[in-house]
Structure formats: C-alpha cells, structure tokens
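So you can see what is in the structure, the chains are spelled out below.
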Amino acid sequence: MDRWHGKVAVVTGASSGIGAAIVKDLAKAGMITIGLARRVERVEQLKKDLPKEAAARLHAMKCDVSVETDIERTFQRIRDTHGGVDVLVNNAGIVRSNNLLDVGTAADLRAVLDTNVTGLVLCSQWAFKSMVERKVAGHIVHINSIAGHSVPFLPKLNIYPGTKHAVTALTEVMRQEMREAGTKIKVTSVSPGGVKTEILNSAEIPEGMPLLEAEDISAAVLYAIGTPPHVQVHELIIKPIGEAF
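Parameters at a glance
- Numbering of residues starts from 1 in each chain and follows the order in which that chain's sequence is written.
- Local features in a predicted model are, by the rule used here, given only for residues with pLDDT of at least 70; side-chain atom pairs are given and counted only at 80 or more, and totals for whole chains, interfaces and linings are based on all residues.
- With hydrogens and water stripped out, all remaining heavy atoms of the structure feed into the side-chain values.
- In this description a helix means any DSSP run of H or I spanning at least four residues, a strand means any run of E spanning at least two, and both kinds are numbered starting from the N terminus.
- For this analysis, a polar contact is any N or O atom pair within 3.5 Å, provided that within protein one partner can donate a hydrogen and the other can accept it, and provided that sequence-adjacent residues contribute only side-chain to side-chain pairs.
- Fitting a line to C-alpha atoms yields each axis, with helices limited to the stretch in contact; the angle taken between N-to-C directions then spans 0 to 180 degrees.
- Orientation categories follow fixed angle ranges, with anything under 35 degrees roughly parallel, anything over 145 roughly antiparallel, 65 to 115 roughly perpendicular, and all other angles oblique.
- Helix crossings fall into two classes, left-handed where the near helix is turned counterclockwise from the far one by less than a right angle and right-handed where it is turned clockwise.
- The contact definition used throughout considers only heavy atoms, calling two residues in contact when any of these lie within 4.5 Å.
- In a helix, the anticipated span is given by 1.5 Å times the number of residues less one.
- Summary of the burial criterion: residues with accessible area below 20% of their type's maximum are buried, those above 50% are exposed, and those between are partly exposed, where the area comes from a 1.4 Å probe applied to protein chains only.
- It is the directions from the helix axis to the C-beta atoms that the arc portrays.
- By convention in these notes, a salt bridge is any Lys or Arg side-chain nitrogen within 4 Å of a carboxyl oxygen on Asp or Glu.

## Quick look at the side chain of Asp64
Move 1: Note that Asp64 resides in the loop between strand E3 (58–62) and helix H4 (68–82).
Move 2: A distance of 2.7 Å separates the side chain of Asp64 from the side chain of Ser66, its partner in a polar contact.

In structure tokens, the structure reads:
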C-alpha cells in the first residue's frame, strides 16, 4: 500500500456496511479518502472511529450514484479540490425485495439498475478519465457478489442477480478497454457471499445463515490494490465457511 500513500481514493455507498469499512481502512492506510453517500452525515460520523491523522484524511461528499448529474458534479468537485481520482471503489448497491414477475415493480427495477449498473459505469467513466488525463496507473474496484456468478436460491432477490451478473461482464469489458487504450490501469471485481450489512434487511435470508463481516471485504480490497504493478487481481470470490451456495 506504500505507493498509494497520499493518493486519492473514492468510495461510493460509504455511509454504512462494506463502504464504511473500506473508507476507514483506506484512510488508515494513508490515502486521502472521499466517501460518497446520500447520507453524508453518516460518513462524517465515521471519523470518530479513526485516529486523528486518519480522520483528517477522510472527506465526505453527498452523491446519489443513481443520478447522472450528481455523479458529474461530484467528480468535477473531486478534480477541483483534490486533483483527481487514483482509486475508485464502486461499492454502492441496493436490492428491492419482491418477485421479478410481479406486476407494478417497474420503479424498483429502475432504481436497482440505476444504482447497481448504470451508476457503477458512470463513476468508472469519470475515474478512468481522471486517471488517463493525469497518466496515473490507477485502480477501479467493483464490489460485486456471488450472485454475479450464480443465482442463490433466496426468495425475492428480483433483478439483483441480473445486475451483479452485469458487473461481472462489465469488469471484463473494462479490462479489455483499458488494455486496448494502452494503460496500466487495473480493474478488479470482489464478489462476497453473504455479508452482515444493512442490505440484508431488505432480503429474506435463512435463519443461521453464515455471514462475512464488512471488514473481511475491506481487507480484500486493500489486498487487491496493494498488489505489484504487474499483478491484476481480476476476480476475488469470498465466502463464509459453511455457506450453502
């Protein structure tokens, strides 16, 4: 992680769960860390969990990644205030608990797609632009899911597995585009199994289902971005012991 000291990391969905764990760990690792969230006050509260020096490196910015103008405004602000983006972690994701074939769920479908897929791509576009313009060998990390590789037998996941399968495909598309552009920029998909976070409040999960901690996923992100320049961790699947799928 030494080469990232003093560099700028941006994390979406940073107000709780995996995103909150990641911004805290990145700030402690010496990165200028910008946590994006709709509930920006919750990102500010995370500073209380950090040593003074690390807390000073954590900055909160309000951004709804399902809104294109919000994304554009935020990344322009990051450019103006911090110079640009060296590491982007696309963590923001939502699930809506209903059946895919239920009529009248179009608003939920659009909300999940806009956050989990379109927002991820738009944030990646702005980060990639920043890295290329400044000739930075940066890193883009997508917090994916095991639901991006198979479909867990859990009720009412709706379009969520479809959006995560899209992230798996988009990771490879981005890798190919980065290679064709002649850059040394990396892209990584981190795919956890069940994680003990707020998103599970919207899902029907079996009682006693084994779960990972948010810190487990943050550790994986730091591992991936901490690899030598010639090493790209393309996909990292992490499951709790005893997971059924």
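Having seen it, we continue.
## Topic: the packing of helix H1 (residues 17–28) against helix H7 (residues 214–225)
Move 1: One can describe the packing of H1 onto H7 by two numbers: an axis separation of 8 Å at closest approach and a directional angle of 50°. Here H1 lies oblique to H7, going by the angle between them. Helix-helix and strand crossings are classified by hand; for H1 and H7 the assignment is right-handed. Facing Gly17, Ile18, Ala21, Ile22, Asp25 and Leu26 of H1, the residues of H7 in contact are Ala214, Glu215, Ile217, Ser218, Val221, Leu222 and Ile225.

## Some words on helix H6 (residues 160–180)
Move 1: The end-to-end C-alpha distance of H6 is 30 Å, a good match for the 30 Å that 21 residues give at a rise of 1.5 Å each.
Move 2: Listed as buried for H6 are Tyr160, Pro161, Thr163, Lys164, Val167, Thr171, Met174 and Met178. Each buried residue of H6 sits inside an arc of 165° when the element is viewed along its axis, so together they form one side. In H6, those exposed residues whose orientation departs by more than 90 degrees from the buried face are Glu177 and Glu180.
Move 3: On the buried face of H6, the contacting elements are helix H5 (106–133), strand E5 (139–143) and strand E6 (186–192).
Move 4: A positive phi of about 75° marks Gly182, the residue just after H6.

## Details of the pattern of salt bridges
Move 1: Using the criterion set out here, one finds 11 salt bridges in the structure.
Move 2: With a shortest N-O distance of 3.5 Å, Asp49 and Lys24 are connected by a salt bridge. Here Asp49 is found in the loop between helix H2 (40–45) and helix H3 (52–57), whereas its partner Lys24 is found in helix H1, with 25 residues between them in sequence.
Move 3: What makes Lys24 buried here is its relative accessible area of 18%.

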